[in-house]
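What follows is the residue order along each chain.
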Amino acid sequence: MNKYTSTLLTAGFLITLGRGNTLVAENKMLTGKHSLGSSLQQLTKPSKTKYDEIIYELDSYLELPNNWDGYNGIQPTQEVVATVKKFLNLINDKQLHTPDIMLSGTGEVALFWKNKDDYIEVSFEDKDQLTYFFTIKDKFYGEDDVYFTEKEPIALYSEIKQLHEKFSSTSTTSIIPKNEKFSNTLIG
Amino acid sequence: MSSYNDCIVQEQISQSPYSPGLIADDELVARVLLTPKHVKNGQVLPVAFEQVLQSQGFSILRHGKYFNESLVNTIKLLETIDNKYTGYVTANVKEIRNIFIQNTTFRLFIVTDTATKDRKAHADIFTTRNTIEVSELGIKKSLIKYIRFQITKLFNQTNLKNHKKDSQ
């Protein structure tokens, strides 16, 4: 496969991700197995996208009881949740790949993207601030307490875009590669 | 705030009368999980290790002689109506002890025997980042998140309930 074909396929994959709802509806109409009513319902009531699922999970964090993780875990603040939503909207507007989401016992919300060799994590602990790092083949780069509403973290966007290009449509790699030995020396 | 040496030496002195002995490098230690929110696709997430970098210690169990009864008692102690036992993940003690801050001889973690009467296998991971010498290095917050990510890699043996591992 030449360079141009590869680039086109990557671009096609990204576009497909961005149009997920529409494609689901179109495919169901093409199969002819659905009644007109259910097809119309699909068109007017699109299925949940990954973005919707992330927002749903994020909102659910606010409902968690104290000690939700067995180690005195607390829920995130409303301000942190609102900040994460702002950032997710930016990600969505820039048509960047939707991340996965996780919550720590301290109430910190973190978003992450990963493939076999690379990992990006953006964490939110305070209003309108984020801390992020990315690791590409065990090299580390990070920034603390970035006020992203005033100055967009360009380096972060760039890394997310580059990570996109490494994803393939069949990528289901795990968050932490198995059998990978940690070098036991931290990069300071 | 204690000195780095005062912190490190705790590994060489038993911390509890209930302890079966000092923790050797070749032991395995387990972190008990009580929420499915810290597991995705059969693997534990970095946020499950947030407390490893806090000052109060990170509770673990030695995966040896007293493990099973200590696990049962840990579940009894920690499980509530809102959080249920999800499984445990294990790591090798030597790998945890061999994490150094680059360009220094400072280790980042110690592993000590903090057994209790009902949980003789109980132990803790403490960070040295709050000691005088290491705190002066001013470790960045983003680096702390990276360390959390790397610690997750060490706890790579999983024994999780109701989670299928990725088929790769």
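Starting afresh in each chain, residues are numbered from 1 along the sequence in its written order. A letter from A marks each chain and a number from 1 marks each ligand, given out in the order of writing. Restriction of local features to residues with pLDDT of at least 70 applies here, the model being predicted, together with a cutoff of 80 or more for giving and counting side-chain atom pairs; totals for whole chains, interfaces and linings are based on all residues.

**Q** Teacher, can you tell me more about the overall build of chain B here?
**A** Scanning chain B for helices and strands turns up five helices and nine strands. Here the globule rule reads 2.2 Å times residues to the power 0.38, and the radius of gyration is calculated from C-alpha atoms. A compact globule built from 168 residues would reach a C-alpha radius of gyration of about 15 Å, and chain B, at 16 Å, matches this within 12%. Considering only C-alpha atoms, chain B reaches an extent of 45 × 40 × 30 Å along its principal axes. Among the 168 residues that make up chain B, the fraction classed as buried is 44%. Within chain B, residue pairs in contact and separated by at least 24 positions form 76% of the contacts whose partners lie at least 6 positions apart. In this description a helix means any DSSP run of H or I spanning at least four residues, a strand means any run of E spanning at least two, and both kinds are numbered starting from the N terminus. Counting other C-beta atoms within 10 Å of a residue's C-beta gives its exposure: the residue is buried at 20 or more, exposed at 12 or fewer, and partly exposed in between, where C-beta atoms are placed from the backbone. Once C-beta atoms are placed from the backbone, any two residues with those atoms within 7 Å are in contact.

**Q** What am I meant to see in the environment of A:Y71 here?
**A** For A:Y71, the position within the fold is in the loop between helix 4 (50-61) and helix 5 (78-93). Accessibility expressed as a C-beta count within 10 Å gives 21 for A:Y71, which makes it buried. In this structure, the C-alpha to C-alpha distance between A:Y71 and A:L88, residues 17 residues apart in sequence, is 28 Å. Excluding residues that lie within four positions of it along the chain, A:Y71 makes contacts with A:G105 and B:Q51.

**Q** Help me out: how do you make sense of the environment of B:T112 in this one?
**A** Residues and elements named next belong to chain B. Turning to its location among the elements, T112 is positioned in strand 7 (residues 109-113). Here T112 falls in the buried class, since 21 other C-beta atoms lie within 10 Å of it. When the C-alpha positions of T112 and G57 are compared, they lie 9.8 Å apart, and in sequence the two are 55 residues distant. Those residues within four positions of T112 in sequence are excluded, and the remaining contacts are Q10, E11, Q15, I23, A123, D124 and F126.

**Q** I keep staring at the sheet that holds strand 8 (residues 122-127) of chain B and nothing clicks. Help me out?
**A** For sheets, the rule is that strands pair by backbone hydrogen bonds, running either parallel or antiparallel. Residue and element names in this part refer to chain B. Note on pairing: two strands pair once DSSP finds at least 2 bridges between them. As summarised here, the arrangement of the six strands in space is 7-8-4-1-5-9, forming an open sheet in which the pairing is antiparallel. Of all the strands in the sheet, just strand 7 and strand 9 (157-160) have a single pairing partner and so form its edges. Within this sheet the neighbouring strands show an average axis-to-axis angle of 30°, counted without direction. As judged from the four bridges shared by strand 5 (residues 87-92) and strand 9, these two strands associate in the antiparallel manner. Residue pairing across strands places Y88 opposite N159, the latter belonging to strand 9. Whenever a helix is involved, its axis is fitted only over the stretch in contact; in every case the axis is a line through C-alpha atoms, and angles between N-to-C directions fall within 0 to 180 degrees.

**Q** Mind showing me how you'd approach unusual backbone geometry here?
**A** As a rule of thumb, non-glycine residues mostly have phi less than zero, and peptide bonds are mostly trans rather than cis. Residue and element names in this part refer to chain A. Its identity as a non-glycine residue notwithstanding, N67 has a phi of 65°, on the positive side. Mapped onto the secondary structure, N67 falls in the loop between helix 4 and helix 5. For N67, a count of 17 C-beta atoms within 10 Å puts it in the partly exposed group. Positioned with a positive phi, D145 is a non-glycine residue whose angle comes to about 45°. Inspection of the secondary structure puts D145 in strand 5 (residues 139-147).

**Q** Looking at this structure, how should I read the interface of chain A and chain B?
**A** Often, the extent of an interface is quoted as the loss of accessible area upon association of its parts. Contacts between chain A and chain B engage 37 residues on the former and 39 residues on the latter. Listing elements by their share of the side of chain A that touches chain B, those giving two or more residues are strand 1 (100-103), strand 3 (118-124), strand 4 (129-136), strand 5 and strand 6 (185-186) of chain A. The dominant element in the side of chain A that touches chain B, judged by the number of residues it contributes, is strand 5 of chain A, at five residues. A breakdown of the residues in the side of chain A that touches chain B according to their chemical character gives 15 nonpolar, 14 polar and eight charged. Gly falls in the polar group here, along with every residue not listed as nonpolar (Ala, Val, Leu, Ile, Met, Phe, Trp, Tyr, Cys, Pro) or charged (Asp, Glu, Lys, Arg).

**Q** Could you clarify how one ought to interpret the confidence of the model for chain B in this entry?
**A** A low pLDDT means the predicted coordinates there should not be read in detail. Residues and elements named next belong to chain B. Per-residue confidence from the predictor is reported as pLDDT, which spans 0 to 100. Of the residues in chain B, 96% reach a pLDDT of 70 or more, and the chain-wide mean stands at 91. No element of chain B has a lower mean pLDDT than strand 9, at 84, and none a higher one than strand 1 (residues 28-33), at 97. Note on residues 164-168: pLDDT under 50 across the span, and seven contacts to partners over four residues away in sequence or across chains. Of the two predicted TM-score estimates for the complex, the pTM is 0.77 and the ipTM is 0.88.

**Q** What is the right way to read the sheet that holds strand 4 of chain A from this model?
**A** Residues and elements named next belong to chain A. Spatial ordering of the open sheet is given by 1-2-3-4-5, a layout of five strands whose pairing is antiparallel. Because the sheet does not close on itself, it has two edges, and the strands there are strand 1 and strand 5. Pairs of neighbouring strands in the sheet enclose a mean axial angle of 20°, with direction left out of account. The pairing of strand 4 with strand 5 spans seven bridges and is classified as antiparallel. Directly across from F133, in strand 5, lies its bridge partner G142. The strands touched by helix 4 are strand 1 and strand 2 (109-114); relative to strand 1, the strand with the most contacts, the crossing angle is about 10°. This element, helix 5, spans strand 2, strand 3 and strand 4 of the sheet and lies at about 135° to strand 3.

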